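Spelled out from the first residue to the last, the chains are:
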Amino acid sequence: MTFKRCSMKLKIMLELQHISYTVSENGRQKTILQDISLQIGDKQNVVITGQNGSGKSTLVKIIMGIIQPTSGKILFNGEDITNLSITERARKGIAFGFQQPVTFKGLKVKDLFKIILNQNFDCNECCTYLSQVGLCAKDYINRPLDTKLSGGELKRIEIATVLARQAKLNIFDEPEAGIDLWSFDNLVNIFQNQTATNIIISHQHKIILIADKVVLLNSAKIDKVGTPNEVIQFIDANKKCARLRGDK
Amino acid sequence: MMDAITKTLLEQTAGLHEIPQGAYNIRQDGKLLSRNCNEQIQIVSKQDKDGIDIIISPNTHNQSVHIPVIITQGGLNDLVYNDFYIGENCDVLIVAGCGIHNDTNQNSRHDGIHTFHIGKNAKVKYVEKHLGIGQNTGEKNLNPTTRIEMETNSCFTMETVQLGGVNYADRKTTASLQANATLVINEKILTTNQQKATTDFTVELLGDNAKVEVTSRSVAKDNSYQAFNSNIIGKAQCFGHVECDGILADHAVINSTPQISAQNVNATLVHEAAIGKISADQLIKLMTLGLTQAEAEQQIINGFLS
């Protein structure tokens, strides 16, 4: 049975107001996101799903400040953060887990934890976060964050660094990518047991089912916002219609 | 008694907080400051030119030799020849390095010519750090030459670091490896302002199963210039790998010129080189952890050169 966090008297943590993002491609304007408005409550698990190219990763990068929207406004705990830098947003309590974890030549796993824990490096504390993703701190803290680590190991370390930040808002871009089947249930448990607000980009049924709110993106727009069942039914109904129309 | 400048230079170039326990030879401003030998390690001044012979008896284990060079004057040209004779079956640590503190308007320069004769089955770790300090216009120039002759089954690991503040450096390293010998070279260089640093490696793999791994990491900032030239020659069934990575900033220039010459059908030689500015993804990742861009850049460079 999945645990749903109470949505009574929900405080709004993050509000997107009319976010649009267009780019110029070969002299033509291409719309990546169009008029996205969304409210995310405090301590909610929100899953953003949708087909490849629908704008999911761009949307979360806009929330983190990695991409600046063409228009629209972002409010975080009531404060307009639209023009704040990545650093300022991070310091206000937004954490970000990349879809493709970044590798470094020379930096070690413990160096990232030192940054996060403000140099008060404590192996036991690292152990807390690394063990949540199924890694033993002893084996990993001195490993360089380079391509000698497997994709799955890098991904788990990436998730552990997000957890270590103890941020108010965690953003995970396809956290299940590269995670093996054994670790997948652990990952789902992490999202269920977090006390922070989580925005998770995912295509996985199991992750969608633990969401308090699911946002379906389609061709740069929000197609549907609702509970997991509402969105899954909406997707199924659309698939049926497409079949009846003979769409491929 | 050593003064504060000498102590600082010794600490930063040779990791010495005080006079070391084992064998050592400390050279300051072209003259011998202090020396200690022991039963296994003899240090003898050369008669025909400036320099020393370091003779390590066969089967010497778990011992170290420190031979730092300190220059605290402007206008000094110091040329020294140091020859190391490492006996068979030794396992030793050799710490060299040169620190120049030049606060004058005259240039100072140290040319250290080091030749290593590594006996059969011997294992040597060689650490060399170079540093220049001083605010005035007098240059701090360092030109280390290292020649390594390796007998069968020997192993030589060289860690060479230029910590900064060196106006001009011309490093030349040559090595010849007999069968089953292993050479590992890790080089790290930071240049800033108008500094120039050139590195040349020539390694000849003469015997079967000889192996060389060269890793060079360089950071060039401001208007500085670095050149990395390597030439690995495989004359037997051998393995050679050279990896040169450079981070560029501002208007700096890094040139990498690889050369690999396989002269035996069973020689395997690889060269990899990557030069570029700090990747945006790396900066963004560290900024999402709360660092500013400048802090993130420093963290990446520190890690790269660590």
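Residues numbered from 1 in each chain as written. Chains lettered and ligands numbered in written order. Predicted model: local features only at pLDDT ≥ 70, side-chain atom pairs only at ≥ 80, totals over all residues.

1. A few points about the overall build of chain B
Phase 1: Per the secondary structure count, chain B includes three helices and 21 strands.
Phase 2: Relative to a compact globule of 306 residues, whose C-alpha radius of gyration would be 19 Å, chain B shows 20 Å and is just as compact.
Phase 3: With respect to the three principal axes, the spread of C-alpha positions in chain B is 55 × 55 × 35 Å.
Phase 4: Expressed as a percentage of the 306 residues in chain B, the buried residues total 43%.
Phase 5: Counting only contacts in chain B whose residues sit at least 6 apart along the sequence, the fraction spanning at least 24 positions is 81%. (Helix = DSSP H or I, 4+ residues; strand = E, 2+ residues; numbered from the N terminus. Rg over C-alpha atoms; globule rule 2.2 N^0.38 Å. Buried ≥ 20, exposed ≤ 12 C-beta atoms within 10 Å, placed from the backbone. Contact = placed C-beta atoms within 7 Å.)

2. Points about helix H4 (residues 123–132) of chain A
Residues and elements named next belong to chain A.
Phase 1: By the burial criterion, the buried members of H4 are Cys126, Tyr129 and Leu130. Buried residues along H4 cover an arc of 95 degrees about the axis, so they all sit on one side.
Phase 2: Of the surrounding secondary structure, the elements contacted by the buried residues of H4 are helix H3 (109–116), helix H5 (137–140) and helix H6 (151–164).
Phase 3: One or two steps after H4, the chain reaches glycine 134, where phi turns positive at roughly 80 degrees. (Arc of directions from axis to C-beta.)

3. As for the nonpolar core
Phase 1: Membership of the largest hydrophobic core comes to 144 residues, with the highest contact counts inside it found for A:Ile171, B:Ile86, B:Phe156 and B:Leu183.
Phase 2: Considering each element in turn, this core owes the most residues, seven residues, to H6(A).
Phase 3: When sequence neighbours within four positions are dropped, the list of residues in contact with B:Phe156 reads B:Phe116, B:Ile118, B:Val124, B:Tyr126, B:Ile148, B:Met150 and B:Leu183. (Core = buried A, V, L, I, M, F, W, Y, C linked by C-beta atoms within 7 Å.)

4. Some thoughts on the environment of B:Ile233
Residues and elements named next belong to chain B.
Phase 1: Relative to the elements of secondary structure, isoleucine 233 occurs in strand S18 (residues 225–234).
Phase 2: Since 20 C-beta atoms lie within 10 Å of it, isoleucine 233 is described here as buried.
Phase 3: It is 37 Å that separates the C-alpha atoms of isoleucine 233 and leucine 9, two residues lying 224 residues apart in sequence.
Phase 4: In contact with isoleucine 233, other than residues within four places in its own chain, are Glu204, Leu205, Ser261 and Gln263.

5. Observations concerning helix H1 (residues 4–14) of chain B
Residues and elements named next belong to chain B.
Phase 1: Listing the buried residues of H1 in full gives Leu9, Leu10, Thr13 and Ala14. Projection of H1 onto a plane perpendicular to its axis shows the buried side chains occupying an angular sector of 100 degrees, all on one side.
Phase 2: Positive phi appears at glycine 15, one or two residues downstream of H1, with a value of about 65 degrees.

6. Description of unusual backbone geometry
Phase 1: Its identity as a non-glycine residue notwithstanding, A:Ala220 has a phi of 80 degrees, on the positive side.
Phase 2: Relative to the assigned elements, A:Ala220 resides in the loop between strand S9 (213–218) and strand S10 (221–226).
Phase 3: A positive phi angle, close to 65 degrees, is found at B:Asn153, a residue other than glycine.
Phase 4: Position of B:Asn153 relative to the elements: it lies in the loop between strand S12 (140–150) and strand S13 (155–164).

7. Brief notes about the sheet that holds strand S2 (residues 28–41) of chain A
Residue and element names in this part refer to chain A.
Phase 1: Overall, antiparallel pairing links the four strands, which are arranged S2-S1-S4-S5 in an open sheet. The sheet terminates laterally at S2 and strand S5 (79–80), the two strands that pair on one side only.
Phase 2: Of the pairings in the sheet, the one linking strand S1 (residues 12–25) to strand S4 (residues 71–76) comprises five bridges and is antiparallel in character. Considered in S4, the bridge of glutamate 15 is made with leucine 75. (Pairing = 2+ DSSP bridges.)

8. Things to note about the interface of chain B and chain A
Phase 1: The partner chain A presents 19 residues to the 18 residues of chain B that form the contact.
Phase 2: Listed by contribution, the elements that provide at least two residues to the side of chain B that touches chain A are helix H2 (280–287) and helix H3 (293–304) of chain B.
Phase 3: Of the residues forming the side of chain B that touches chain A, the biggest block, six residues, is contributed by H2(B).
Phase 4: Classifying every residue of the side of chain B that touches chain A gives eight nonpolar, seven polar and three charged. (Nonpolar A, V, L, I, M, F, W, Y, C, P; charged D, E, K, R; others polar.)

9. Points about the sheet that holds strand S8 (residues 197–201) of chain A
Residue and element names in this part refer to chain A.
Phase 1: Strands sit in the order S6-S7-S8-S3-S9-S10 across an open sheet of six strands; the sheet is mixed. Strand pairing shows two members of the sheet lacking a second neighbour, strand S6 (94–97) and S10, which therefore form its edges. Across this sheet, the average inter-strand angle for adjacent strands is 15 degrees, counted without regard to direction.
Phase 2: Note: S6 against strand S7 (residues 169–173), four bridges, orientation parallel. In the strand pairing of S7, glycine 97 is matched with phenylalanine 172.
Phase 3: Against the sheet, helix H1 (residues 56–64) contacts strand S3 (45–50), S6, S7, S8 and S9, and its axis sits at roughly 150 degrees relative to S7.
Phase 4: Lying over the sheet, helix H9 (residues 228–245) contacts S9 and S10, oriented at roughly 30 degrees with respect to S9. (Axes fitted to C-alpha atoms, helices over the stretch in contact; angles between N-to-C directions.)

10. Thoughts on the confidence of the model for chain B
Detailed reading of the predicted model is not advised wherever pLDDT is low.
Phase 1: Of the residues in chain B, 98% have a pLDDT of 70 or more, and the chain-wide mean is 93.
Phase 2: Confidence metrics for the complex model read pTM 0.86 and ipTM 0.92. (pLDDT = per-residue confidence, 0-100.)

11. A word on the environment of A:Phe96
All names here are of chain A.
Phase 1: If you trace the backbone, phenylalanine 96 turns up in strand S6.
Phase 2: You can call phenylalanine 96 buried: it has 29 C-beta atoms within 10 Å.
Phase 3: C-alpha separation for the pair phenylalanine 96 and asparagine 26, spaced 70 residues apart in sequence, amounts to 31 Å.

12. Quick look at the pairing of S9(A)
Residues and elements named next belong to chain A.
Phase 1: Buried residues dominate S9, accounting for five of its six residues.
Phase 2: With five bridges joining them, S3 and S9 adopt parallel strand pairing. Looking across to S9, one finds that isoleucine 48 is bridged to valine 215.
Phase 3: Of the pairings in the sheet, the one linking S9 to S10 comprises five bridges and is antiparallel in character. Pairing of leucine 216 across the sheet is with lysine 224, part of S10.

13. What about the packing of H2(B) against H3(B)?
All names here are of chain B.
Phase 1: Packing of H2 against H3 leaves a shortest axis separation of 9 Å and a crossing angle of 115 degrees. The orientation of H2 relative to H3 falls into the category roughly perpendicular. Seen from above, H2 lies across H3 with right-handed handedness. Contacts between H2 and H3 involve Gln282, Leu283, Leu286 and Met287 on the former and, on the latter, Gln293, Ala296, Glu297, Gln299 and Ile300. (Parallel < 35°, antiparallel > 145°, perpendicular 65-115°, else oblique. Left-handed = near helix turned anticlockwise from the far one by under 90°.)

14. Side note on the pairing of S8(A)
Residues and elements named next belong to chain A.
Phase 1: Burial analysis of S8 places five of its five residues in the buried class, which makes it a mostly covered element.
Phase 2: The alternating pattern of S8 places Thr197, Ile199 and Ile201 and Asn198 and Ile200 on opposite faces, both of which are buried.
Phase 3: Summarising the sheet, S3 and S8 pair through four bridges and their orientation is parallel. Looking at S8, one finds that valine 47 is bridged to isoleucine 200.
Phase 4: Two elements, S7 and S8, share five bridges in a ladder whose sense is parallel. For phenylalanine 172, the partnering residue across the bridge sits in S8 and is isoleucine 200.

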